[in-house]
Amino acid sequence: MLKAVILIGGPQKGTRFRPLSFEVPKPLFPVAGVPMLQHHIEACAKVPGMKEILLLGFYQPNEELNRFLMDAQQEFKVSIRYLQEFAALGTAGGIYHFRDQILSGGPSAFFLMNADVCSAFPLLEMLRFHGNSGDAHCGVLLGTTANRTQSLNYGCIVENQETNEVLHFVEKPSTFVSDVINCGIYLFTPEIFTHIAAVFQHNQNDRLQEHSPPGRQRPEVIHLEQDVFSQLAGQQRLRVFKTQHFWSQIKSAGSAIYASRLYLDQYKHTHPERLATTQEGGPKIIGNVYIHPTATIEPTAVLGPNVSIGKGVCIGAGVRVRESIVLHGATLQDHSCVLNSIVGWDSTVGKWARVEGTPSDPNPNDPYAKIDSETLFRDGGLTPSITILGCNVNIPSEVIIRNSIVLPHKDLNRSFKNQIIL
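Model, not experiment: these values are computed from the prediction.

A. Seen up close, the overall build of the protein chain. What the protein chain contains, in helices and strands, is 8 helices and 34 strands. Within the protein chain, buried positions represent 53% of all 422 residues. Here the protein chain displays about 18,600 Å² of accessible surface, and carbon together with sulfur accounts for 48% of that area. The averaged location of the 38 negative side-chain charges in the protein chain is 2 Å from the averaged location of its 36 positive side-chain charges.

B. Inspection of the pattern of salt bridges at higher detail. Under the defined criterion, the tally for this structure stands at 12 salt bridges. Across the pair Glu159 and Lys242 runs a salt bridge, and its minimum N-O distance is 2.5 Å. In this pair, Glu159 is assigned in strand β9 (residues 155-159) and Lys242 in strand β12 (residues 238-242), connecting sequence segments 83 residues apart. With a relative accessible area of 9%, Glu159 lands in the buried category. Under the relative-accessibility criterion, Lys242 is labelled partly exposed at 31%. Taking the shortest distance from any N to any O, the salt bridge between Lys268 and Asp265 comes out at 2.8 Å. A residue pair is termed a helical-turn pair when its members lie 3 or 4 positions apart in one helix, as Lys268 and Asp265 do in helix α8 (residues 253-270) at 3 residues.

C. Structural detail: the sheet that holds strand β19 (residues 314-315). Read from one edge to the other, the open sheet built from 5 strands follows the order β16-β19-β22-β25-β30, with strand pairing classed as parallel. Each having just a single partner strand, β16 (296-297) and β30 (394-395) make up the two edges of the open sheet. With 2 bridges joining them, β16 and β19 adopt parallel strand pairing. Bridge pairing links Thr296 to Cys314 in β19.

D. Looking closely at the sheet that holds strand β15 (residues 289-291). The parallel open sheet is built from 7 strands, whose spatial order is β15-β18-β21-β24-β29-β32-β34. Edge positions in the sheet fall to β15 and β34 (420-421), since each has one partner strand and no second. Sheet analysis places β15 next to strand β18 (residues 307-309), joined by 3 bridges and oriented parallel. Each residue of the ladder has a partner; that of Val289, found in β18, is Val307. With respect to the sheet, α8 is in contact with β15, β18, β21 (324-326), β24 (341-343) and β29 (387-389), its orientation differing from that of β21 by roughly 95°.

E. The arrangement of the pairing of strand β10 (residues 166-171) in detail. Where β9 and β10 come together, 5 bridges link them in antiparallel fashion. If you follow Val158 over to β10, its bridge partner there is His168.

F. Representation of the packing of aromatic side chains within the structure. Applying the stated criterion to the full structure yields 11 aromatic pairs. Relative to Trp345, the ring of Phe29 lies with its centre 6.2 Å away and its plane at 90°, an arrangement referred to as edge-to-face. Residue Phe29 is located in the loop between β1 (2-9) and β2 (30-31), and its partner Trp345 is located in the loop between β24 and β25 (348-349); the two are separated by 316 residues in the primary sequence. By relative accessible area, Trp345 is classed as buried at 15%.

G. The arrangement of the environment of Asn205 in detail. You can see Asn205 is positioned in helix α6 (residues 192-209). The spacing of Asn205 and Val170 is 35 residues in sequence and 24 Å in space, taken between C-alpha atoms.

H. Broad picture of the nonpolar core. In terms of nonpolar packing, the biggest core is built from 71 residues, with Phe29, Ile53 and Leu123 touching the most fellow members. Ranked by residues supplied to this core, first place goes to α8 with 9 residues. Excluding residues within four positions of it along the chain, Leu123 makes contact with Ala43, Cys44, Val47, Phe111, Met113 and Ile185. Within the second largest apolar cluster, 33 residues are counted, among which are Ala92, Ile95, Ile222 and Leu232.

I. Fine view of the layout of surface pockets. Roughly 890 Å³ of internal volume is contained in the second largest pocket. What lines the second largest pocket is a set of 27 residues, among which Leu28, Pro30, Pro35, Glu64 and His328 lie closest to the centre. The leading source of residues in the lining of the second largest pocket is helix α2 (residues 63-76), at 6 residues. Grouping the amino acids of the lining of the second largest pocket by side-chain chemistry returns 14 nonpolar, 6 polar and 7 charged.

J. Quick peek at the pairing of strand β5 (residues 79-84). In this structure, strand β4 (residues 50-57) lies alongside β5, joined through 6 bridges in parallel fashion. Of the residues in β5, the one forming a bridge with Leu54 is Arg81. A crossover connection joins β4 to the parallel β5 through α2; in handedness this β-α-β unit is right-handed.

K. Region of the structure containing the environment of Leu389. In this fold, Leu389 is placed in strand β29. For Leu389, a relative accessible area of 0% gives the class buried. The spacing of Leu389 and Ala45 is 344 residues in sequence and 34 Å in space, taken between C-alpha atoms.

About the criteria used
- Residues numbered from 1 in each chain as written.
- Predicted model: local features only at pLDDT ≥ 70, side-chain atom pairs only at ≥ 80, totals over all residues.
- Heavy atoms only, no water.
- Helix = DSSP H or I, 4+ residues; strand = E, 2+ residues; numbered from the N terminus.
- Buried < 20%, exposed > 50% of the residue type's maximum accessible area, 1.4 Å probe, protein only.
- Areas by Shrake-Rupley, 256 points an atom, 1.4 Å probe, with all protein chains shown as cover.
- Lys, Arg positive; Asp, Glu negative; His and termini not counted.
- Charge placed at Lys NZ, Arg CZ, Asp CG, Glu CD.
- Salt bridge = Lys/Arg side-chain N within 4 Å of Asp/Glu carboxyl O.
- Pairing = 2+ DSSP bridges.
- Contact = heavy atoms within 4.5 Å.
- Axes fitted to C-alpha atoms, helices over the stretch in contact; angles between N-to-C directions.
- Phe/Tyr/Trp six-rings, centres within 6.5 Å; stacked < 30°, edge-to-face > 60°.
- Core = buried A, V, L, I, M, F, W, Y, C linked by side-chain atoms within 4.5 Å.
- 1 Å grid on protein atoms, 1.4 Å probe; cavity = no way out; pocket = protein on both sides within 12 Å on 5 of 7 lines; lining within 4 Å.
- Points joined across faces, edges and corners; volume = space filled by probe spheres on them.
- Nonpolar A, V, L, I, M, F, W, Y, C, P; charged D, E, K, R; others polar.
- Right-handed = clockwise from strand over helix to strand, strands pointing away.

Right, here's the structure in full:
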């Protein structure tokens, strides 16, 4: 019997995802037409013997999250529950706090994954690798290859090339350690809790000796990467399984468009029914495009590649959309143009208006390049990136919005470039 745990974080995280995370918890943001979390759940549900999927986070339970859980349970025929942390406890602290729930029923192993990654989720391959690696280890880390410069932004893994044993693990090193990076997707045996308990006990002892200085981190806050992996490395307790499939983080709204492209491309093999095609009397489709069945699109519109059109969207005559996500209820009026942008819920782009961003894709000439986690500002100015319209934004006719972030409920009256519009 197997279980899966997905770490979904909470409202204080995902600040780089604003203003979109104002309206919906980041894990429920639609990527390639379905909530980000659904890709994880779908992959877990395909694993034979998967008994239960647990979501861990510190979001307050709300109607949207509850509805998503109910719908997912019905669709994937597997038990899905949300366990709310009382505070942010770190990647290991959360699973340690709920260890009894995770271990109930006696699973032989469980998957653990972060919600803010996009992947082909090679869970069956990890399971086979785990079975072929003997009983000595307590965990398998999914790894992938990054270029030397970008590897410094991730957890770096030094492995034994013959046995795949993790010899050394460093989270975001200051100098180059390895080009094999941690994907934030793991397979653990219950033994991992013994090692987390040792860290918890160590934190408790430290706290008692220091007489709890104010502001000190509580002992329940434990991080897998810094506190557990770094200690277990070199003890024959961890293995790394390197994937050749796609993988990316989803930290910013720009990376959501890149993740959408990766998932849409995967749909060709996994969900061809989700991809639109050019039909007589319908819009012209270029490349991979997802269109919700309730969307209304004029036949002279041109969509794609990498476009996701949400529920109830209205797209007028002559509209051009490329490399973009158009969310629930938005309207793109005649001859408007949307490139490298996210158009928020119930927003309107007027006739002949242009909404355009700068793509934040990895270097296409480097097979190991990952998407950069750009800061919002650089050299005192807004970093050129995709354009984001928050919910209920109104762009008037013949206006150009370029490389800007527009907060919700704004009626603009002129063009903007490289600005955050409050």
